Amino acid sequence: MNTEVPLTRDLVLIGGGHAHALVLRKWGMNPLPGARLTLIDPNPKAPYTGMLPGHIAGHYPRGDLDIDLGRLARFAGARLVVGRACGIDPATRRVMVEGRPDIAYDVLSIDIGITSAPRTLAGFGDHGIAAKPLGPFADRWQRFTEDAKSGSVAPDCAILGAGVAGVELALAMQHRLSPHARPRVHVIDTGQALTGVAPRTARILRQQMRKAGIALIEHANIVEVTRNSVEIEGRTSISSQLTVAAAGARPWPWLQETGLNLENGFITVDPHLRSTSDASIFAAGDCAHLSHAPRPKAGVYAVRAAPILHDNLRDALMGQSPRASFQPQQRYLKLVSLGRKAAIADRGALGVYLPGLWRWKDHIDQKFMGKFRHLPVMSPPAHPAQMAEGAAQEMTDHPMICGGCGAKVGPKALESALIHARTGARDDVLIRPGDDAGGLRIGGRIQVLTTDHLRAFTADPWLMARIAAIHALGDIWAMGAAPQAALVNIVLPRMSDRLQARTLGEIMAATGQVMAATGAEVIGGHTTQGAELMLGYTVTGLVPEGRQPIGIGGARPGDHLVLTGALGSGVILAADMAGKADGDILRATLDHMSTSPEKAVQTLSGAHAMTDVTGFGLAGHLLAMCRASGVAAEIEMAQIPRLDGADALIAAGHRSSLFPANKAHAAPHLVGDTPNDILFDPQTAGGFLAALAPEDAQTALAQLAHMGQPAARIGIVTEAAPGITLR
């Protein structure tokens, strides 16, 4: 995006449905300067409905039907908020999101789909699963098939709803389970089955169910779902270890509280896909009711509405009246899977069963998903025609600067600079550059002081503030001190006063939450505008009375080296910047970084030496500990915890921009096995490396395991010249 244009308008998309996914893709190819885009969804991936029956039948792995919202948001220049929207306030133009502050909007679009969960059926909430939303159902189905294959549960299923969706799922489930067991699949409906398709299509589907051994029960009064049955009035219990609701299209309940015009709970929109009661709100997909052309709920309408929605959202952001109108077709083609690789074509009054239809359906589905698997490669800006000597080589060697600690200056350059800072002029200054924090003796107490700031690696200011605050506090915790007070330094990208207020509100809400949880107080700070978002904190802490700061210089031969947390955030964030990080892996990494390690580090309070593992990587920080303590270390590479996906991304060639400097600094001091590049990966809000007496290490590891905190004994301290031996 053109960063010289100030941000002035917030566009918020609730839901990662098909329409919004296509809007994001189109937006990424031509962003609107001055508009800030936010996507809110409970998950980092959104499943494509068209391929769900194929996945249930075993024809596609789960990854084949997931749209990676994280990669898509990165491509579109949007922030992805992984959270569940639970309401909107049109009067103040705010979206309520569980677990975090409200998110403000100027223009809002809603594409949250539907749910098929029955609201009043006894026992369903505890024992059943709705086919929509698709993600939780697909996860539950995976666990069920594994249990059925192992024989730990009977392969008995019940599908509530005998429309085309329910029958399609039943055929897919029967096909998947048949090779491993003798499944008993029931399709149950309170009325007549398959009323929404052509008579010939209905006859063929009934024949297919009979042939597969699927029982169809019509005109049933379902009274209860239990853990292992469906109870029907006047009949014996139907055995079911997995009961799936596939009947009806129900709106999400929170829409009732919005005050918008609704039709049976769905948002009423005009031909421009704009709410008929609020011109700043749009809706598309199954959650919308087309007032000018009512249609059944079907993904095809969401897909075809997407370009209209995109154009009208841009118009609204520019202060113009929407110009494009959505006129959905009367009829559309349904390609209904039959479990095995076969399908029926249904359109209007016609139903056709021919060889090759499944391959056609697969081609259509793969073509749609290809839009998101292979996002367009946007050409980078051309380099200047004339540059100073060495500039072109530097841009080639370092084509991007990572966010977080990956943007730090290399350890060799920093080490050289710090030599000139060590004056030793004051007796009340106890710790000088090299340790995690400085130490001051004040009135008989020891106060530690540190400062840190990060270049943003996520477009979400609230999440970025949480991570940056935890990262800065790491230096205080590493010294064995309790956080006391914090100053905040904020650089905002150029934006209007209104967006400044919104952004600062999110940053300070996250900052206050993190600091208050540690007992620290925010006492001030500084703000300015710049080219991009950067957040920094100056934090003080108090060392417990009668104790000394821990520091990095006290490691003793025989100490065990304990590492909390897991390595890999640098390479994962670098891959994300390149659009190559899997959404689930990135989400897990951000969750790891934004979770306070305070309780974990408290178990290490008896350490002889300790440091937080951040920008210079595990090797760099361990080497600094060895040098300060006059010892060496041996580490066992197999014991080092890694974040999921880190090793695979390293093997694929991804590296943080700080990686070369880290490796050049530490690698000459490593002996033994060939070093894994994870050792030089810069961490942000990383774990803690502690040198403890063997008995203290054993106690700490037991406590960490009890808390569910990732940690491992990775090596020992030895009596030798400073250096690291790899095992």
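Further up the page is the structure itself.
A brief structural summary. (Residues numbered from 1 in each chain as written. Predicted model: local features only at pLDDT ≥ 70, side-chain atom pairs only at ≥ 80, totals over all residues. Heavy atoms only, no water.)

So, the overall build of the protein
Right, on to step 1. The number of helices and strands found in the protein is 20 helices and 37 strands.
Right, on to step 2. Computed over its C-alpha atoms, the radius of gyration of the protein comes to 29 Å, within 12% of the 27 Å expected for a compact globule of 727 residues.
Right, on to step 3. Burial status across the protein gives 54% buried among its 727 residues.
Right, on to step 4. Considering only contacts within the protein whose residues lie at least 6 apart along the sequence, 75% involve residues at least 24 apart.
Right, on to step 5. Accessible surface computed for the protein: about 30,800 Å², of which carbon and sulfur atoms make up 51%.
Right, on to step 6. Distance from the positive charge centre (68 side chains) to the negative charge centre (65 side chains) of the protein: 9 Å. (Helix = DSSP H or I, 4+ residues; strand = E, 2+ residues; numbered from the N terminus. Rg over C-alpha atoms; globule rule 2.2 N^0.38 Å. Buried < 20%, exposed > 50% of the residue type's maximum accessible area, 1.4 Å probe, protein only. Contact = heavy atoms within 4.5 Å. Areas by Shrake-Rupley, 256 points an atom, 1.4 Å probe, with all protein chains shown as cover. Lys, Arg positive; Asp, Glu negative; His and termini not counted. Charge placed at Lys NZ, Arg CZ, Asp CG, Glu CD.)

Quick look at the sheet that holds strand S23 (residues 340–347)
Right, on to step 1. As summarised here, the arrangement of the three strands in space is S22-S23-S24, forming an open sheet in which the pairing is antiparallel. Looking at which strands have only one partner, the edges of the open sheet turn out to be strand S22 (334–338) and strand S24 (350–353). Adjacent strand axes in the sheet meet at a mean angle of 25 degrees, parallel and antiparallel pairs treated alike.
Right, on to step 2. Both S23 and S24 contribute to a ladder of four bridges, which runs antiparallel. Within the sheet, the bridge partner assigned to Ala-345 lies in S24 and is Val-352.
Right, on to step 3. Contacting S22, S23 and S24, helix H7 (residues 199–212) runs over the sheet at an angle of about 160 degrees to S23.
Right, on to step 4. Across the sheet, helix H9 (residues 357–373) touches S22, S23 and S24, and the angle it forms with S23 is around 85 degrees. (Pairing = 2+ DSSP bridges. Axes fitted to C-alpha atoms, helices over the stretch in contact; angles between N-to-C directions.)

Here's the deal with helix H3 (residues 69–76)
Helical periodicity: at 3.6 residues per turn, an α-helix aligns residues three or four positions apart in one direction.
Right, on to step 1. Of all eight residues that make up H3, seven are buried, and the element is covered over most of its length.
Right, on to step 2. Within the span of H3, buried status applies to Leu-69, Gly-70, Arg-71, Leu-72, Ala-73, Phe-75 and Ala-76.
Right, on to step 3. Contacts made by the buried residues of H3 are with helix H1 (18–29), strand S2 (35–41), strand S3 (45–47), strand S4 (66–68), strand S5 (79–82) and H9.
Right, on to step 4. Its side-chain oxygen 3.1 Å from the backbone nitrogen of Gly-70, Asp-68 forms the N-cap of H3.
Right, on to step 5. In the segment just after H3, Gly-77 is the residue with positive phi, at about 70 degrees. (Polar contact = N/O pair within 3.5 Å; in protein donor to acceptor, adjacent residues only side chain to side chain.)

A word on empty space enclosed by the protein
Right, on to step 1. One pass over the structure, following the stated rule, counts three cavities of 30 Å³ or more.
Right, on to step 2. Within this model, the largest cavity holds a volume of roughly 50 Å³.
Right, on to step 3. Ile-470, His-471, Gly-474, Pro-597, Asp-612, Thr-614, Ala-685, Gly-686 and Phe-688 together form the lining of the largest cavity.
Right, on to step 4. The leading source of residues in the lining of the largest cavity is helix H12 (residues 461–478), at three residues.
Right, on to step 5. The residue makeup of the lining of the largest cavity, split by class, is four nonpolar, four polar and one charged.
Right, on to step 6. In terms of lining, the second largest cavity is formed by Ala-566, Ser-569, His-592, Met-593, Leu-643, Gln-683, Thr-684, Ala-685 and Gly-686.
Right, on to step 7. For the lining of the second largest cavity, the class distribution of residues is four nonpolar, five polar and no charged. (1 Å grid on protein atoms, 1.4 Å probe; cavity = no way out; pocket = protein on both sides within 12 Å on 5 of 7 lines; lining within 4 Å. Points joined across faces, edges and corners; volume = space filled by probe spheres on them. Nonpolar A, V, L, I, M, F, W, Y, C, P; charged D, E, K, R; others polar.)

Quick look at helix H20 (residues 694–707)
Right, on to step 1. An ideal rise of 1.5 Å per residue puts 20 Å on 14 residues; H20 measures up with 20 Å between its terminal C-alpha atoms.
Right, on to step 2. Listed as buried for H20 are Ala-697, Ala-700 and Leu-704. In an axial view of H20, the angular spread of the buried residues amounts to 65 degrees, which keeps them on one side of the axis. Looking at H20, the residues exposed on the side facing more than 90 degrees away from the buried face are Glu-695, Gln-698, Ala-705 and His-706.
Right, on to step 3. The inward-facing, buried residues of H20 abut strand S31 (560–564), helix H16 (598–602), strand S35 (688–692) and strand S36 (711–718).
Right, on to step 4. Looking one or two residues beyond H20, the residue adopting positive phi is Gly-708, at roughly 75 degrees. (Expected span 1.5 Å × (residues − 1). Arc of directions from axis to C-beta.)

A look at the packing of aromatic side chains
Right, on to step 1. Under the counting rule described, the total for this entry stands at six aromatic pairs.
Right, on to step 2. With a centroid separation of 6.1 Å and an interplanar angle of 70 degrees, the aromatic rings of Phe-659 and Phe-680 are classed as edge-to-face. Linking Phe-659 in helix H19 (residues 659–666) with Phe-680 in the loop between strand S34 (670–672) and S35, this pair joins segments that are 21 residues apart in sequence.
Right, on to step 3. Residue class for Phe-659 comes out buried when judged on its relative accessible area of 8%.
Right, on to step 4. Note on Phe-680: relative accessible area 0%, which makes it buried.
Right, on to step 5. By way of ring pairs, the aromatic residues Tyr-48, Phe-368 and Phe-372 are connected into one cluster. (Phe/Tyr/Trp six-rings, centres within 6.5 Å; stacked < 30°, edge-to-face > 60°.)

Quick look at unusual backbone geometry
Right, on to step 1. Cis geometry is found at the peptide bond from Lys-132 to Pro-133, where omega equals 5 degrees.
Right, on to step 2. Within the secondary structure layout, Pro-133 lies in the loop between strand S10 (128–130) and helix H5 (134–150).
Right, on to step 3. In this model, Arg-93 sits at a positive phi of 55 degrees, which is unusual for a non-glycine residue.
Right, on to step 4. By the secondary structure assignment, Arg-93 is in the loop between strand S6 (85–89) and strand S7 (94–97).

What to know about the packing of H12 against helix H13 (residues 497–518)
Right, on to step 1. Contact geometry of H12 with H13 gives a least axis separation of 8 Å together with a crossing angle of 35 degrees. Every pair of crossing elements has a handedness; the one defined by H12 and H13 is right-handed. Contacts between H12 and H13 involve Pro-461, Trp-462, Ala-465, Arg-466, Ala-469, Ile-470, Leu-473 and Trp-477 from the first element and Thr-503, Glu-506, Ile-507, Ala-510, Thr-511, Gln-513, Val-514, Met-515 and Thr-518 from the second.
Right, on to step 2. Classifying every residue of the contact of H12 with H13 gives 11 nonpolar, four polar and two charged. (Left-handed = near helix turned anticlockwise from the far one by under 90°.)

Comments concerning the sheet that holds strand S15 (residues 229–232)
Right, on to step 1. As summarised here, the arrangement of the three strands in space is S14-S15-S16, forming an open sheet in which the pairing is antiparallel. Here the strands that pair on one side only, and so sit at the sheet edges, are strand S14 (222–225) and strand S16 (238–239).
Right, on to step 2. When S14 meets S15, the two strands line up antiparallel, connected through three bridges. Residue pairing for S15: Ile-222 is matched across the bridge by Ile-232.

Shape descriptors only; they carry no functional weight alone.
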